[in-house]
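Below, each chain spelled out in residue letters.
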Amino acid sequence: MERTESRLPNREIGQSNGIVYRDGAVEERPRTFKGEPIIRVEALTKEYRMGSNVVRALRGVDLEVQAGEFAAVMGPSGSGKSTFMNLVGCLDRPNGGQYWLDGLLVSSLDRDELAAIRNRKIGFIFQGFNLLARASALGNVMLPMLYAGLNARDRRERGLQALEAVGLADRAQHKPSELSGGQQQRVAIARSLVNDPAIILADEPTGNLDSRTSVEVMAVLQGLNDQGITIILVTHEADIASYCGRNVTFKDGKVVRDTLLPQPRRAAEVLLTMPVIGEAEEVVA
Ligand SMILES: Nc1ncnc2c1ncn2[C@@H]1O[C@H](COP(=O)(O)OP(=O)(O)OP(=O)(O)O)[C@@H](O)[C@H]1O
Ligand SMILES: [Mg+2]
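Keep in mind the model is a prediction, meaning the values are calculated, not measured.

Pulling in residues and values, what's your account of the sheet that holds strand β7 (residues 104-105)?
Read across the sheet, 4 strands follow the order β4-β3-β6-β7 without closing on themselves; strand pairing throughout is antiparallel. Across the chains shown, the open sheet's two edge strands, defined by having one partner strand only, are β4 (53-66) and β7. Bridge count for strand β3 (residues 37-50) against strand β6 (residues 96-101) is 5 bridges, and the pairing is antiparallel. Counterpart to Arg40 in the pairing with β6 is Trp100.

Report on helix α1 (residues 81-88), specifying residues and quantitative values.
Along α1, 6 of the 8 residues are buried, which leaves the element largely enclosed by surrounding structure. All of the buried residues in α1 are Lys81, Thr83, Phe84, Met85, Leu87 and Val88. Immediately beyond the C-terminal end of α1, within one or two residues, lies Cys90, with a positive phi of roughly 60°.

Residue-level account of the nonpolar core, with values.
Counting residues in hydrophobic clusters, the biggest one holds 69 residues, and the most contacted among them are Ala72, Val73, Val141, Ala190, Leu201, Ile231 and Ile232. For this core, the leading source of residues is helix α6 (residues 211-226), giving 6 residues. Non-local contacts of Ile232, meaning those with residues more than four positions away in its chain, are made with Val65, Ala71, Val73, Met85, Val88 and Leu201.

Provide a residue-level description of the environment of Val234, including the pertinent values.
Along the chain, the position of Val234 falls in strand β10 (residues 230-234). Leaving out residues up to four positions away in the same chain, Val234 has contacts with Val73, Lys81, Ser82, Met85, Ala202, Asp203 and Glu204.

Cut-offs and rules
Residues numbered from 1 in each chain as written. Chains lettered and ligands numbered in written order. Predicted model: local features only at pLDDT ≥ 70, side-chain atom pairs only at ≥ 80, totals over all residues. Pairing = 2+ DSSP bridges. Helix = DSSP H or I, 4+ residues; strand = E, 2+ residues; numbered from the N terminus. Buried ≥ 20, exposed ≤ 12 C-beta atoms within 10 Å, placed from the backbone. Core = buried A, V, L, I, M, F, W, Y, C linked by C-beta atoms within 7 Å. Contact = placed C-beta atoms within 7 Å.

As structure tokens, this is what we get:
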């Protein structure tokens, strides 16, 4: 199944012009990668206190993500993936270690400052879509712009553009219940895009979707990554991770493996080889 070659990179802090593998080979980074990592964490720790019990969810994570990368975060349940995403997404603060987002040391900011950075730089996509049931697709997509200081007409226009970017311009007035799972996730992707984020964080975005719909979502995300958006995506499925140029594996709150896939699979090409279930049903009926 695995069509990509994978080798373990030997990443060192400060090493930015090319990736040196443990076997000594050097791979130049694609031209879109800037020298400065967009995300850099050092010795990141996070503990949750439950009464007298302390859960050490992250036990010292060091990681750099370059602008333009598409990284999958993998690992067993409870290994700290979502905790890591919450910290990277400025939704929560670490107990220890440091985090630079686009060169800015954010691990020392307070909650209001974190919220401001989050709204400007980061879009989120979740497994359960997290759409408002009573709002239309367009209404959902417009929500993150409420605090962006735009007037209603501009919000509407941008919302429609975002829906168009995910191929859903013709579903703008549909409620989530009137959309398929894949369409709902595309509305959520459109919502993550409206504030023009540099980074999209997706926590198991295909976890509730069937295999073809999952690949459709990966095709949308690969298209956004092609336009330069950095994406970090949590997944339990090796198949989904094979669409990402880098696979980072967590275990017990630490990164235990970091693999580059120089030629990740292209979802748009794989889709051509997959049956369309809706069409098959029509033929039967
Ligand atoms: N809010 C919380 N309060 C207390 N403990 C928590 C909290 N969130 C996570 N944990 C604990 O921290 C550890 C890491 O959890 P996390 O949600 O990051 O795992 P995960 O890798 O995302 O797992 P999954 O694949 O099941 O989503 C787990 O032991 C979990 O029980
Ligand atoms: Mg999780």
